[in-house]
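Residue-level structural notes
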Amino acid sequence: MGQHAFLSPSAAHRWMNCTAAPTLEREVPDKGSEYAEEGTLAHAYCAMKLKKFLNMPTDGEQQEIAQLAEKYHTGEMDEYTDTYQAIVIEKFNEARAKTKDARLLIEVRLDFSKFMPEAFGTADAVIIADGCLEIIDFKYGKGVKVSAWENPQMKIYALGAYEAYSFEYNISRVRMTIVQPRIDNLSEFELPVTDLLAWAENELKPKANEAFSGMGRQNPGEWCQFCKVKKSCKALAKVCVEAMDGNPNPMLISKTDMESIILPKLATFKTWLSGVEEYALEQALSGVQYSGYKIVEGRSIRKIINPEAVATTLNQAGYKTAEIYKPQELKTITELEKLVGKKQFSTLCAEWVDKPQGKPTLVPDTDKRPAFNAAADDFKNINL
């Protein structure tokens, strides 16, 4: 993997809110994950397809694909990276219709050091044309829906691209687009260059300088979710432990408490508790003794490692094949969609797939899903 800047654009939402985060996280190594490797492969396919469209060499992408494809490649990945390619090419063609010498840049390295000390990063795709510069970012994850609206990572990429190419083109606006095809999320946000530069001067630069100085301030919040030190952060623990100190009723939680304290901090509480559990286990495994606690072996499921040998042995012992084998059964919907692609599976099999009503979920008003007008009646037959 490539080198990473101390102030990462992808973590800007975190360090702009908690300027102590980069310093606290600096000594914690990245563990990596299968999700990250899967995303790396998907990005390689995206870049390769667009570079082939532009008749550019794809040696680097081919190398990444060769390393990861056997483990992570699926029909679903082909479909979603095709979707990304189609969106980028469509946007590029629209730009060329207005500006004949418009350019499409793939995996372009950008310098942000004018606004953030020693900062750099790589944008998935940049379309440069007169009038509007567009940054397009591919997200393969499906666990968290990512919005382009006021997204600091996307703004930072837009700043880097504007600084690099504004002398060649007359750019007055920037558009930031996130393509997250696995959850059908295409999010766009556009603003004038003057507003972007004002944000850089008034918000980004002061926060970046504070974070880079090593003297940043801890400020726990929902942005702690992916912080590498959430498990041992005292500021986060303090916020969660002291959340109810102002409660006038020491014995019961009121509706006001729920609205003003509990629900707004629910995500923060979950982040802290999961981090504490992870931290305690790591410490115990490394030899730290916690009074009153011990490490035990977790529940394990037995697995037959040689089905053919077991079947042959049981046959020889007098048991019939029909007695020892289950009837053939379909794979899960998710597995079948990965095999043939989500859209293709829907085209072929939609009439035989049923999606029951989901369980009720309490979310903030900002959630885009429509509210149920008569929630009690809608969910009266659902068991929690």
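In this report, the structure presented in the accompanying data block is examined. (Residues numbered from 1 in each chain as written. Predicted model: local features only at pLDDT ≥ 70, side-chain atom pairs only at ≥ 80, totals over all residues. Heavy atoms only, no water.)

Across its full length, the protein holds 15 helices and five strands. By its C-alpha atoms, the protein is 80 × 65 × 55 Å across when sized along the principal axes. In the protein, buried positions account for 37% of the 384 residues. Long-range contacts, defined here as pairs at least 24 residues apart, represent 66% of the contacts in the protein between residues at least 6 apart. (Helix = DSSP H or I, 4+ residues; strand = E, 2+ residues; numbered from the N terminus. Buried < 20%, exposed > 50% of the residue type's maximum accessible area, 1.4 Å probe, protein only. Contact = heavy atoms within 4.5 Å.)

For the pair helix α3 (residues 34-53) and helix α4 (residues 59-72), interaxial distance at closest approach is 9 Å and the crossing angle is 135 degrees. Comparing the axis directions of α3 and α4 gives the class oblique. The element α3 and its partner α4 pack so that their crossing is left-handed. Along its contact with α3, which presents E34, E37, E38, T40, L41, A44, Y45, A47, M48, K51 and K52, the element α4 presents E61, Q62, E64, I65, L68, A69, K71 and Y72. (Axes fitted to C-alpha atoms, helices over the stretch in contact; angles between N-to-C directions. Parallel < 35°, antiparallel > 145°, perpendicular 65-115°, else oblique. Left-handed = near helix turned anticlockwise from the far one by under 90°.)

Turning next to the nonpolar core. The biggest cluster of nonpolar side chains holds 40 residues, and the ones touching the most others in it are W15, M116, V126 and L204. Top contributing element to this core by residue count: helix α6 (residues 152-165), with eight residues. Once residues lying within four places of it in the same chain are set aside, the contact partners of W15 are L7, S8, P22, M116, I156, L204, K207, A208 and A211. Of all hydrophobic cores here, the second largest spans 30 residues; its members include A102, L104, I106 and V179. (Core = buried A, V, L, I, M, F, W, Y, C linked by side-chain atoms within 4.5 Å.)

Each pocket or cavity is described by its volume, and for the second largest pocket that value is around 250 Å³. Together, A280, L281, A284, V288, Q289, Y290, Y293, K294, I295 and V296 line the second largest pocket. Considering only residue class, the lining of the second largest pocket consists of eight nonpolar, one polar and one charged. (1 Å grid on protein atoms, 1.4 Å probe; cavity = no way out; pocket = protein on both sides within 12 Å on 5 of 7 lines; lining within 4 Å. Points joined across faces, edges and corners; volume = space filled by probe spheres on them. Nonpolar A, V, L, I, M, F, W, Y, C, P; charged D, E, K, R; others polar.)

Bringing α4 into the picture now. With 14 residues, α4 should reach 20 Å at 1.5 Å per residue; the first-to-last C-alpha distance of 19 Å fits that figure. The sharpest bend along α4 comes to roughly 40 degrees, located at A66. E61, I65, L68, A69 and Y72 are the residues of α4 that are buried. Tucked inside the fold, the buried residues of α4 contact α3 and α5 (75-98). (Expected span 1.5 Å × (residues − 1). Bend = angle between axes of the 7 residues up to and from the residue.)

Moving on, we come to the packing of aromatic side chains. How two aromatic rings sit relative to each other is set out by the distance from centre to centre and by the angle between their planes. In the structure shown here, the tally under the stated rule is five aromatic pairs. Both rings, one in W149 and one in F189, keep their centres 4.6 Å apart while their planes meet at 65 degrees; by these two values the pair is edge-to-face. With W149 in the loop between β3 (131-138) and α6 and F189 in strand β5 (residues 185-192), the pair connects residues that are 40 residues apart, well separated along the chain. The ring of F120 carries R109 above its face, with NZ or CZ at 4.1 Å from the centroid. (Phe/Tyr/Trp six-rings, centres within 6.5 Å; stacked < 30°, edge-to-face > 60°. Lys NZ or Arg CZ within 6 Å of the ring centre and 35° of its normal.)

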